[in-house]
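Residue-level listing of the chains:
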Amino acid sequence: MTFNPRRRQCMHMAVASFCLAFASASNAQDFPTKPIRLIAPFAAGASTDLLARTVAQSMSKDLGQPVIVENKPGAGGILAAEQVARAAPDGYTFLLTSAGIVTMNQHIYPRLPYDPIKDFTPLTIAVRMPIVTVVHPSLRVRNVQDLLAYAKANAGKLNYGSAGTGTSQHLAGELFKSMANVSMLHIPYKGGAPAMNDLLAGQVQLMFVQVPSALPQIKAGKIRAIAVGSDKRDPNLPDVPTVSESGVNGYNSDTWYGFVAPAGVAEPILQKLHASIVKALKENASRLQEQGYIVDGGSAKQMGDTIKAESKKWETVIKAADIKPE
């Protein structure tokens, strides 16, 4: 038999590939064998922190290993996202992401240290949060039509607060301005809490804010909800119409939180993580809804499609409003 070094090399490569595939399958089958880190991009005690810890606690029981929440706030979620993007693709580190981290940031920050499409693998959208338009009681508007009339009669005098430039609250306001053709002054704050405090004090007149953050104040009568930004009414605010049905047709500022893993994680491990997250969401659905969330728990493909579609949508809004980093 003639010695063929190229043939022998191919055989060695095939054997190596088989061994690597076998080892990966074995690792996936045993996963997890050590604690898992869930990186949360916001401070401990925030409403998103409750979501992270609720899911992590249930996953720990389901997977038989601790799922430890690590809070890494700052820079609009960029620090947390970068950490997970650079983590080993072994399933032991994953991220609780806001919609903004993977659909808005890349259109605002010119040197973003991660690529929301290439650096992450979607797991699932966990919860959705319609953004509700709320006003201070001193502003004599009770619905969207009242708000439009007031804005047009008081050009340049209407202001709205947000959690900061480029946040989902800010962009919801810019989308409303462009679609309703009204003028409003944006007042950015360093976080949603100080913005809400100034709304309660009457220092700003309105906000476009996630339902979980506003629900307690709405129920207490301290602020007035006039419309929700989703395509259908929020079950937590059934008597509050949508912006679209109130006359601004097609308006949708629905936002969400979900989970992503670093790119390159083996498919069987992704499936285990997805199944465990969805199970956790179902187990805690009532508790999460009480906090103002709408549980989703869809497929990884649905999340990937949502990220791509919303990235295009918000890119248009960001460019039209010429939004730049603070």
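Let us look at the structure shown here. Worth saying up front: this structure is predicted, and the values here are computed from it rather than measured.

What about the packing of aromatic side chains?
One pass over the structure, following the stated rule, counts seven aromatic pairs. With 6.1 Å between their ring centres and 85° between their planes, phenylalanine 42 and tyrosine 257 make a pair best called edge-to-face. Of the two residues, phenylalanine 42 is situated in the loop between β1 (36-40) and α2 (47-63) and tyrosine 257 in strand β10 (residues 255-262); the sequence distance between them amounts to 215 residues. Residue tyrosine 257 is classed as buried on the basis of its relative accessible area, which comes to 10%. Pairing phenylalanine 176 with tyrosine 251 gives two aromatic rings, centres 6.0 Å apart and planes at 80°, and the pair type is edge-to-face. Of the two residues, phenylalanine 176 sits in helix α7 (residues 168-180) while tyrosine 251 sits in the loop between β9 (224-228) and β10, which places them 75 residues apart along the sequence. The pair formed by phenylalanine 176 and tyrosine 251 is uniform in burial state, with each residue classed as buried. Counting every residue linked through ring pairs, the aromatic cluster contains Tyr160, Phe176, Phe208 and Tyr251. The aromatic ring of tyrosine 92 is capped on one face by lysine 34, whose charged end is 4.7 Å from the ring centroid.

Quick notes on the sheet that holds strand β6 (residues 159-162)
Spatially, five strands are ordered β7-β6-β8-β5-β9 in an open sheet, and the strand pairing comes out mixed. Both outer strands of the open sheet, β7 (185-188) and β9, are each paired with one neighbouring strand and no more. Between one strand axis and the next, the sheet turns through 30° on average, direction left out of account. When strand β5 (residues 131-135) meets strand β8 (residues 206-210), the two strands line up antiparallel, connected through five bridges. Bridge pairing links valine 132 to valine 209 in β8. Lying over the sheet, helix α9 (residues 211-219) contacts β5, β8 and β9, oriented at roughly 120° with respect to β8.

Description of empty space enclosed by the protein
Where empty space is left becomes clear once a probe the size of a water molecule has been rolled over the atoms. Scanning the model with the defined rule gives one cavity of 30 Å³ or more in all. In this structure, the largest cavity encloses a volume near 30 Å³. Residue lining of the largest cavity: Ala99, Met104, Ile131, Ser168, Ser253, Asp254, Thr255, Glu310 and Trp314, and that is the complete set. Residues of the lining of the largest cavity, tallied by class, amount to four nonpolar, three polar and two charged.

The rules behind these values
- Residues numbered from 1 in each chain as written.
- Predicted model: local features only at pLDDT ≥ 70, side-chain atom pairs only at ≥ 80, totals over all residues.
- Heavy atoms only, no water.
- Phe/Tyr/Trp six-rings, centres within 6.5 Å; stacked < 30°, edge-to-face > 60°.
- Helix = DSSP H or I, 4+ residues; strand = E, 2+ residues; numbered from the N terminus.
- Buried < 20%, exposed > 50% of the residue type's maximum accessible area, 1.4 Å probe, protein only.
- Lys NZ or Arg CZ within 6 Å of the ring centre and 35° of its normal.
- Pairing = 2+ DSSP bridges.
- Axes fitted to C-alpha atoms, helices over the stretch in contact; angles between N-to-C directions.
- Contact = heavy atoms within 4.5 Å.
- 1 Å grid on protein atoms, 1.4 Å probe; cavity = no way out; pocket = protein on both sides within 12 Å on 5 of 7 lines; lining within 4 Å.
- Points joined across faces, edges and corners; volume = space filled by probe spheres on them.
- Nonpolar A, V, L, I, M, F, W, Y, C, P; charged D, E, K, R; others polar.

Everything listed is a geometric property; what it means functionally is a separate question.
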